[in-house]
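Structure at a glance
One-letter residues, chain by chain:
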Amino acid sequence: MSKKQTLVVIGNGMVGHNFLENLVASNIKDNYEIVTFCEEVRPAYDRVHLTEFFSGKSAEDLTMVTEGFFEDNNIKIHLGDKAIAIDTRNKFVTSAKGAAISYDKLVLATGSYPFVPPVSGHDRKNCFVYRTIEDLEAMTDAAKSAKVGAVIGGGLLGLEAAKALQDLNLKTNVVQFSPRLMSAQLDDGGAGMLAQKIEALGVSVLTGKNTTKIIDGDECHHKLVFADGTELETDIVLFSTGIRPRDEIARSSGIEVGARGGIVIDDHCKTSDPDIYAIGECAVWKEQTFGLVAPGYSMGRTVVADLAGQLVPFEGADMSTKLKLNGVDVASIGDAHAKTKGSLVYTYQNGADEIYKRLVVSSDKKKLLGAVLVGDASGYGTLLQYSLNNIDLPEHPDALILPGRSDESVGLGPDALPASAQICSCFDVTKGQICSAVESGCSSMASLKAETKAATGCGGCSALLKSVLDSELEKSGIAVSTDICEHFAHTRRDLYNIIMVEDIKTFDTLLEKHGNGGSGCEICKQAVGSILASYWNDYILKQEHLSLQDTNDTFLANMQKDGTYSVVPRMTGGEVTPDGLIAVGQVAKKYKLYTKITGGQRVDLFGARVDQLPLIWEELIAAGFESGHAYGKSLRTVKSCVGSTWCRFGVDDSVGLAIELENRYKGLRSPHKIKFAVSGCTRECAEAQSKDIGVIATEGGWNLYVCGNGGMKPRHADLFATNLDKETLIKYIDRVLTFYVRSADRLQRTSVWMENMEGGLDYLKSVVIDDRLGICSSLENQMQHVVNNYQCEWKTTIADESKLKRFRTFINSDKTDDNILFVEERGQIRPANEQERKHAAIAEEV
Amino acid sequence: MSNWIDICSVNDLQADSGICALVEEQQIAIFYMPKAKAIYAINNYDPFGKVHVLSRGLLGDIKEEPMVCSPLYKQHYSLITGVCFEDETVKNTIYAIRIENDRVEISLEG
């Protein structure tokens, strides 16, 4: 090997750095001594996500440089030093700090600078641009004494900058010269919808405003004066009026620059000097500049290939973009403005949901030329693939943007894509590369990302990547696993059937006969524990079942954040006698518990230590209470309104029915918690339609609603049957619940269970009402078995000396956990917070 | 030589489950798997929940490594190394433990 050549890279921005990464990963890295200049004080960072600086990310979070990158690869970096001149004849670069470096090959990655229009007053104090971390720091400082901010420029970056001003708690305005926002990417309709959505987020949008000067304001620091005579007062001005290539070093060194600026390059990214390349935003290729990182990355790959003697010409770049602006999805693909001759346009505008979609297709309706999506960009990946790979459109292209035109399949399955299809545009990863990575063993998103880098840039392609992965796995015969966990190659439903068919009564037997080895884990143990309890309804703390229960079930109480428990005695239908209330109150008082009324119409007692639980329950049981099963995935409560007994409007006795139902189903273990409610008339005061099982009294009998829930994803219950007598009502509930317990996935609520069932509500009705599967009597019998074998778990536990041992805090000491600490708030206890704990610790030492 | 401290009888242990012992003011969770003839001791402190509750977690294994699952936020801790499976920078203390003549003994020295 001859002596190494020197390669100098001017600029360590995103593109310059990506080039270095590609270079050191290539087989020519040992041919070069590598030197790079970085004008900024910190090496490459992620400018694309600069806005996140305001939502709490630090300069370190944004860095693109892996630890030790420069050292490990022997790259000499001149940080905070700007290259100022190139002597192309003698081939050396000089820097502002006086360094002179000879080069054999030179790469210019000088990027661009923000263009500031020459309006008078543009250089006043508190007028900024939005490009570097230093710009952001200066803005942050200025914002401390400011109330109003204005961004001049309503392009992509301007809208990002507006978000930054909002994050700084400024009243934010966007001033746009053109009549629409993001004029390069959006048409009038899309831009209008975007403006509407952005205004709803509290940003004022002023379009068609030509700023003529910036002068002293009356109320704010500045006043913007517009050509139409109007004005805007603001404390901070942020220019985001486009970028210009930084070509001054090329200009002064005699390297050719374009008529409108930019260093002219050919298909190999070579400048007019054959030893000098230019990549990224500083370069101009076929009179085009590229203000996105992906084309810059792609130019860098061209240069690495050229240095290695290979031909990977730069062929231009797709400028399609998708982004989230202040939470608003915006995407633009290809010829969004329908400039292609003869092109046809489809538009879908949904004013209610603020969604705008536009498709531009070829005159024969066969090919997608462009698209605009505002408010819902979920179709971006599919549309982009149609456009990039020239795939034939479906017969009705508008199906791609209309909601639910269900007679056509609108998605583009991963199999429809050619191997050359680019899946990830940030890192130029094709479908072919992904397929070979899967073939060589990547079987999860995490391993695929690590191997190919796909979906690690903007992340916009991750859904598509996942679908390619799943499709490839399926084709290669690797089933996408539905196993409950590593210990059983079965779903919960499989395990239920096995237990039922083989009469299995313990986890150990099941594990021995059907497990994969190992001793189990919290997932399979709890699931099997729940199935055994649903099917056999044994006492859950029996020796062979005890180790299957999570802490709430093991201690028959609900663990809270400080390790203490809450206790909930059952109050069927929300009914409680004065004596009952007094007894609960006395227990709470004696054990100094925090008391609160629950959403299920009963009383919750918080702050009990594990060793206090049996003592508390002894007293509650003596007062006539039983376990409320608040700790279990089981029937919780049957809520009721007061009903016809008292209410002027009541049609039937809702409290009476609620008590009867709660007593019937109490103790039933299920895949998830179950809640009921009964309302005495259609005024629905018990909110029965938000429950798994809801019953509403009508003149003609009981109406049954099923599969609703509140919580994280609320769902109204569906009307299942009307005007039922009580006997039929109970029969139907028996059947629905047993069918749910038998066939649902673990931790699946009734709503999701029914939605995932093929045929949904109608199918469920046919099983439960018409006995389509011929299993109704078996479902009823199983429920009757559970009902017959009900026991109050607390009563059983208190009576068994050997079970009580487990409730001691320490096996070898009578002490209690002295880390549990309460303070008083509104006349009751609550767990001490960290500061209060420290305080207490200091007080104790003194 | 390790200094073994007597804790309790084997009969005080809970098969395939945990109990807690107080040893020189330290809370130690003890897990017993009689079928595998295995016994483990780990500090009872849950570093994420910041309370002493691990003895009340579910016992099991991940890829055949015995673990306990925190009852609060469900992180898993190896009973061999004390390392948290979800965050390898978090490590709980493991103690030497043995059964001698049906008595459970712990040593606090690494």
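Residues numbered from 1 in each chain as written. Chains lettered and ligands numbered in written order. Predicted model: local features only at pLDDT ≥ 70, side-chain atom pairs only at ≥ 80, totals over all residues.

All right, on to the overall build of chain B then. Each helix and strand in chain B was counted, giving zero helices and 11 strands. Relative to its full complement of 110 residues, chain B shows a buried share of 44%. Contacts in chain B between residues at least 24 apart in sequence constitute 43% of all its contacts with a sequence separation of at least 6. (Helix = DSSP H or I, 4+ residues; strand = E, 2+ residues; numbered from the N terminus. Buried ≥ 20, exposed ≤ 12 C-beta atoms within 10 Å, placed from the backbone. Contact = placed C-beta atoms within 7 Å.)

When its secondary structure is counted, chain A shows 27 helices and 38 strands. For chain A, buried positions account for 45% of its 846 residues. Contacts spanning at least 24 positions in sequence make up 60% of the contacts within chain A whose residues lie at least 6 apart.

A few words on the nonpolar core. Residues and elements named next belong to chain A. Counting residues in each nonpolar core, the largest one holds 69 residues, and the members touching the most others are Leu108, Ile263, Ile279, Ala283, Ile423, Ala454 and Leu465. For this core, the element with the highest residue contribution is helix 8 (residues 293-307), accounting for seven residues. Sequence-distant contacts of Ala283, that is, excluding residues within four places in its chain, are made with Gly262, Ile263, Ile265, Cys269, Ala278 and Met299. (Core = buried A, V, L, I, M, F, W, Y, C linked by C-beta atoms within 7 Å.)

All names here are of chain A. Reading across from one edge, 21-22-25-24-23 is the order of the five strands in this open sheet, with antiparallel pairing throughout. Among the strands making up the open sheet, the edge pair consists of strand 21 (321-325) and strand 23 (344-350). Averaged over neighbouring strand pairs, the angle between their axes works out to 10° when direction is ignored. Sheet topology places strand 22 (residues 328-334) next to strand 25 (residues 368-374); five bridges connect them, and they run antiparallel. Looking at the pairing, Ser332 lines up with Val372 of strand 25. The strands touched by helix 9 (residues 380-388) within the sheet are strand 21, strand 22 and strand 25, with strand 25 carrying the most contacts at an inclination of about 165°. (Pairing = 2+ DSSP bridges. Axes fitted to C-alpha atoms, helices over the stretch in contact; angles between N-to-C directions.)

All names here are of chain A. Taking burial as the measure, the six residues of strand 32 (residues 635-640) include six buried ones, the bulk of the element. Of the strand pairs in this sheet, strand 32 and strand 33 (residues 674-679) are connected by four bridges, and their pairing is parallel. Bridge pairing in strand 33 links Lys639 to Ala677. Read as a crossover between parallel neighbours, the route from strand 32 over helix 20 (residues 654-665) to strand 33 is left-handed. (Right-handed = clockwise from strand over helix to strand, strands pointing away.)

Residues and elements named next belong to chain A. A sheet is described by the order of its strands in space; here four strands give the open sequence 28-29-31-30, paired in antiparallel fashion. What marks the edges here is a single partner per strand, and that holds for strand 28 (558-559) and strand 30 (594-597). Where strand 29 (residues 565-567) meets strand 31 (residues 603-608), three bridges bridge the pair, whose relative direction is antiparallel. Residue pairing for strand 31: Tyr565 is matched across the bridge by Ala608.

The subject of this paragraph is the interface of chain A and chain B. On the chain B side, the residues contacting the 25 residues of chain A number 28 residues. Going through the elements one at a time, helix 15 (522-536) and helix 17 (551-554) of chain A are the ones with two or more residues in the side of chain A that touches chain B. Tallied by class, the residues present in the side of chain A that touches chain B amount to five nonpolar, 11 polar and nine charged. (Nonpolar A, V, L, I, M, F, W, Y, C, P; charged D, E, K, R; others polar.)

Right, let's get into the environment of Ser644 of chain A. All names here are of chain A. Within the secondary structure layout, Ser644 lies in the loop between strand 32 and helix 20. What makes Ser644 partly exposed here is the crowd of 18 C-beta atoms within 10 Å. With 11 residues separating them in the primary sequence, Ser644 and Val655 have C-alpha atoms 8.8 Å apart.

Turning our eyes to something else, we now look at the confidence of the model for chain A. Taken as a whole, chain A shows an average pLDDT of 90; of its residues, 97% reach a score of 70 or greater. Contacts from residues 405-410 of chain A, a stretch scored under 50 in pLDDT, to residues over four places away or in other chains number six contacts. (pLDDT = per-residue confidence, 0-100.)

Residues and elements named next belong to chain B. Sheet topology places strand 4 (residues 38-43) next to strand 10 (residues 94-100); two bridges connect them, and they run antiparallel. Note on strand 10: the bridge partner recorded for Ala41 is Tyr95. Where strand 10 lies against strand 11 (residues 103-107), five bridges are found, and the strand directions are antiparallel. When the sheet's bridge partners are listed, Arg98 is paired in strand 11 with Glu105.

Glancing now at helix 1 (residues 14-25) of chain A. Residues and elements named next belong to chain A. Its 12 residues place the ends of helix 1 17 Å apart at the C-alpha level, agreeing with the 16 Å of an ideal helix rising 1.5 Å per residue. Every buried residue of helix 1 is listed here: Met14, Val15, Gly16, His17, Asn18, Phe19, Leu20 and Leu23. Looking at the packing, one finds that the buried side of helix 1 touches strand 1 (5-10), strand 2 (32-38), strand 3 (75-79), strand 7 (105-108) and helix 8. (Expected span 1.5 Å × (residues − 1).)

Moving on, we come to the packing of helix 21 (residues 726-743) of chain A against helix 24 (residues 776-788) of chain A. Residue and element names in this part refer to chain A. One can describe the packing of helix 21 onto helix 24 by two numbers: an axis separation of 8 Å at closest approach and a directional angle of 90°. In terms of orientation, helix 21 and helix 24 fall into the roughly perpendicular class. Residues Lys731, Asp734, Arg735, Leu737, Thr738 and Phe739 of helix 21 form the contact with helix 24, whose participating residues are Cys776, Leu779, Glu780, Gln782 and Met783. Of the residues assigned to the contact of helix 21 with helix 24, the class counts are five nonpolar, two polar and four charged. (Parallel < 35°, antiparallel > 145°, perpendicular 65-115°, else oblique.)

Attention shifts here to the confidence of the model for chain B. Averaged over every residue, the pLDDT of chain B is 92; the share at 70 or more is 97%. Scoring the predicted complex yields pTM 0.55 and, for the interface, ipTM 0.95.

Now for the environment of Trp753 of chain A. Residue and element names in this part refer to chain A. Checked against the element boundaries, Trp753 lands in helix 22 (residues 750-756). Considered as a pair, Trp753 and Cys707 are 46 residues apart in the sequence and their alpha carbons are 8.3 Å apart. Setting aside chain neighbours within four positions, we find Trp753 in contact with Tyr740, Ala744 and Gln748.

On to helix 9 of chain A, then. Residue and element names in this part refer to chain A. Here helix 9 lies mainly inside the structure; eight of its nine residues are buried. Regarding helix 9, the residues found buried are Tyr380, Gly381, Thr382, Leu383, Leu384, Gln385, Tyr386 and Ser387. Note on helix 9: the residue one or two positions beyond its end, Asn390, has a positive phi of about 55°.

A few words now on unusual backbone geometry. The phi dihedral of Asn74 of chain A is positive, around 55°, even though this residue is not glycine. On the secondary structure map, Asn74 of chain A appears in the loop between helix 3 (69-72) and strand 3. Here Asn74 of chain A falls in the exposed class, since 12 other C-beta atoms lie within 10 Å of it. The backbone of Lys37 of chain B shows a phi angle near 50°, a positive value even though the residue is not glycine. Considering the arrangement of structural elements, one finds Lys37 of chain B in the loop between strand 3 (26-33) and strand 4.

We now examine the packing of helix 10 (residues 431-439) of chain A against helix 12 (residues 462-475) of chain A. Residues and elements named next belong to chain A. Running from N to C, helix 10 and helix 12 cross one another at 50°; their axes reach a closest spacing of 10 Å. By the angle between their directions, the pair helix 10 and helix 12 is classed as oblique. With respect to the hand of their crossing, helix 10 and helix 12 are arranged in right-handed fashion. Here helix 10 contributes Lys431, Ile434, Cys435 and Val438 to the contact with helix 12, which in turn contributes Leu465, Val468, Leu469, Glu472 and Leu473. Along the lines of polarity and charge, the residues of the contact of helix 10 with helix 12 split into seven nonpolar, no polar and two charged. (Left-handed = near helix turned anticlockwise from the far one by under 90°.)

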